[in-house]
Amino acid sequence: MKRHRPVSVVLAALLAATVTSACASETAGGGTGAPGGPAKPAAGQPNEAAPQAGPARALDMYAEALKRKQAARAVAAKKWGLARTPLAAPEPPKVKPRITTRKGFEVRDDEGLPPVFTTVPTKEKIVFLTMDDGAEKDPALLRMMTELDIPYSAFLSDYVINDDYGYFRKMQQRGVVISNHTLNHRYLPGLSYAEQKREICGQQEKILKHYGKRPTLFRPPYGNYNRDTLVVAKTCGITAVPLWSAEAFADHMEWREWDRDLHPGDIVLTHFRGKGDWKGTMPDMIRTVMKTITDKGYAVAKLEDYV
């Protein structure tokens with residue numbers, strides 16, 4: 001498994017960019033033969049190697065930054081009782097992959113509608129962590145995820161967050177993207193078009209009001225939807241419908257796929273829940289899911305960097 005390949009790619013790109021910049025600077029600033037520019041030192045002069053100092057120093061600084069970041073993660077992992085330090089995710093792609101609806105998840109005449117998918121197309125050993133609804137508002141989760149520097153996405157329902165919008169505002173300030181999980185978490189295929197519009201587009205407006213931006217991602221409650229769901233979602237700004245390939249609980253994992261395993265680009269679902277609903281706390285759930293992810297050689301990346 002090429003866990004470190006993304007880092008080497010980034011280092012090579014950084015070296016190429018820096019060398020290019022140095023060459024451009026020499027041309028613009030007057031290398032040998034440039035009017036008014038300094039003459040190029042003769043071979044063997046003390047400052048002959050100076051142009052190489054920039055790229056080498058930049059590479060050293062980048063490597064040192066990665067080392068410091070992982071060292072901080074290791075300290076946080078020990079503090080929060082993780083079995084292993086989470087792996088570093090690669091740099092996100094400059095161009096996001098093309099997302100299409102998973103086979104078997106189509107609806108009638110779905111051309112132009114938001115794609116429904118459980119896995120993001122990528123060859124990198126990364127997965128995406130997503131959390132639904134918003135019932136449990138554990139301050140320890142905010143601290144834990146910030147200190148571990150693990151990205152995740154929140155799909156929120158208004159009926160369980162409206163007693164404390166501020167908790168999720170703190171989450172948003174830490175870089176978490178707030179997405180749509182309807183107003184009241186109803187079974188959408190059982191609703192009329194107008195009722196679905198109220199549930200989906202109404203939540204768009206709630207999120208805009210409290211968090212400053214309409215979401216582009218939407219997850220239907222229970223993963224159930226019909227054509228009206230996708231049509232309505234598109235009308236109020238939704239561009240993609242991520243479901244999930246695996247689900248994390250405080251004490252175990254559950255799997256959608258037949259091989260009960262992770263795959264590159266898989267989306268992992270969990271919920272904002274606590275001891276009142278399952279056998280443990282949200283930090284317990286993070287310990288469980290991160291052990292599975294890390295033991296299998298995967299890193300957690302940010303969904304919105306790819307979708």
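Residues numbered from 1 in each chain as written. Predicted model: local features only at pLDDT ≥ 70, side-chain atom pairs only at ≥ 80, totals over all residues. Heavy atoms only, no water.

Asks: Just checking my understanding: could you explain the environment of E136 for this structure?
Replies: Secondary-structure assignment places E136 in the loop between β2 (126-133) and α3 (139-148). Along the chain, E136 and D277 lie 141 residues apart, while their C-alpha atoms are 9.5 Å from each other. Excluding anything up to four places from it in sequence, E136 contacts Y167, F272, R273, G274 and M282. (Helix = DSSP H or I, 4+ residues; strand = E, 2+ residues; numbered from the N terminus. Contact = heavy atoms within 4.5 Å.)

Asks: Help me understand the packing of α3 against helix α8 (residues 282-295) in this model?
Replies: When two helices pack together, their arrangement is captured by the angle between the axes and the distance separating the axes. Running from N to C, α3 and α8 cross one another at 35°; their axes reach a closest spacing of 9 Å. Side by side, α3 and α8 meet where A140, L141, M144, M145 and L148 of the first sit next to M282, P283, I286 and R287 of the second. In terms of residue class, the contact of α3 with α8 is made up of eight nonpolar, no polar and one charged. (Axes fitted to C-alpha atoms, helices over the stretch in contact; angles between N-to-C directions. Nonpolar A, V, L, I, M, F, W, Y, C, P; charged D, E, K, R; others polar.)

Asks: Just checking my understanding: could you explain unusual backbone geometry for this structure?
Replies: Excluding glycine, residues mostly have negative phi values, and the peptide bonds linking residues are mostly trans. Even without being a glycine, T182 presents a positive backbone phi close to 75°. With respect to the element layout, T182 can be found in the loop between β4 (177-180) and α6 (193-211). For T182, a relative accessible area of 0% corresponds to the buried category. (Buried < 20%, exposed > 50% of the residue type's maximum accessible area, 1.4 Å probe, protein only.)

Asks: Would you mind going over the pairing of strand β8 (residues 267-271) with me for this structure?
Replies: Remember that side chains alternate between the two faces of the sheet whenever the strand is regular. In terms of residue burial, β8 counts as a mostly covered element, since five of its five residues are buried. With burial as the criterion, each face of β8 is covered, one bearing I267, L269 and H271 and the other bearing V268 and T270. Note that strand β6 (residues 246-248) and β8 share two bridges and pair parallel. Considered in β8, the bridge of A246 is made with V268. (Pairing = 2+ DSSP bridges.)

Asks: I would appreciate a short explanation of the state of the cysteines in the present structure.
Replies: Two cysteines whose sulfur atoms are joined by a covalent bond form what is called a disulfide. One pass over the structure, following the stated rule, counts one disulfide. Across a sulfur-sulfur distance of 2.4 Å, C201 and C236 are joined as a disulfide pair. Judged by the sign of its S-S torsion, about -80°, the bond between C201 and C236 is left-handed. One end of the pair, C201, is in helix α6; the other, C236, is in the loop between α7 (227-235) and β5 (241-242), and 35 residues separate them in sequence. (Disulfide = S-S within 2.5 Å.)

Asks: Looking at this structure, I do not really get α6. What am I missing?
Replies: In an α-helix, one turn spans 3.6 residues, which is why side chains three or four residues apart end up on the same side. The end-to-end C-alpha separation of α6 is 26 Å, in line with the 27 Å expected for 19 residues at 1.5 Å each. Taken residue by residue, α6 has Q196, E199, I200, C201, Q203, Q204, I207, H210 and Y211 as its buried positions. The inward-facing, buried residues of α6 abut β3 (153-156), α4 (158-161), α5 (165-173), β4 and α7. Two residues or fewer after α6 comes G212, characterised by a positive phi angle close to 85°. (Expected span 1.5 Å × (residues − 1).)

Asks: Please explain the pattern of salt bridges as it appears in this structure.
Replies: If charged atoms from side chains of opposite charge come close, those side chains can pair. Applying the stated criterion across every chain yields a total of 13 salt bridges. For R273, the salt bridge identified is with D133, shortest N-O distance 2.7 Å. Taken together, the residues span a long stretch of sequence, with R273 in the loop between β8 and α8 and D133 in strand β2 at a distance of 140 residues. Given a relative accessible area of 23%, R273 falls into the partly exposed group. According to the relative accessible area criterion, D133 is buried, its value standing at 3%. Across the salt bridge formed by K291 and D295, the nearest N and O atoms sit 2.8 Å from each other. Pair noted here: K291 and D295 are both in helix α8, with a separation of four residues, about one helical turn. One salt-bridge network, held together by shared partners, links R84, K291 and D295. (Salt bridge = Lys/Arg side-chain N within 4 Å of Asp/Glu carboxyl O.)

Asks: Which parts of the structure should I look at to understand α5?
Replies: Here α5 has its buried residues at Y165, Y167, F168 and M171. The buried residues of α5 all sit within an arc of 160° when viewed along its axis, so they share a single face. (Arc of directions from axis to C-beta.)

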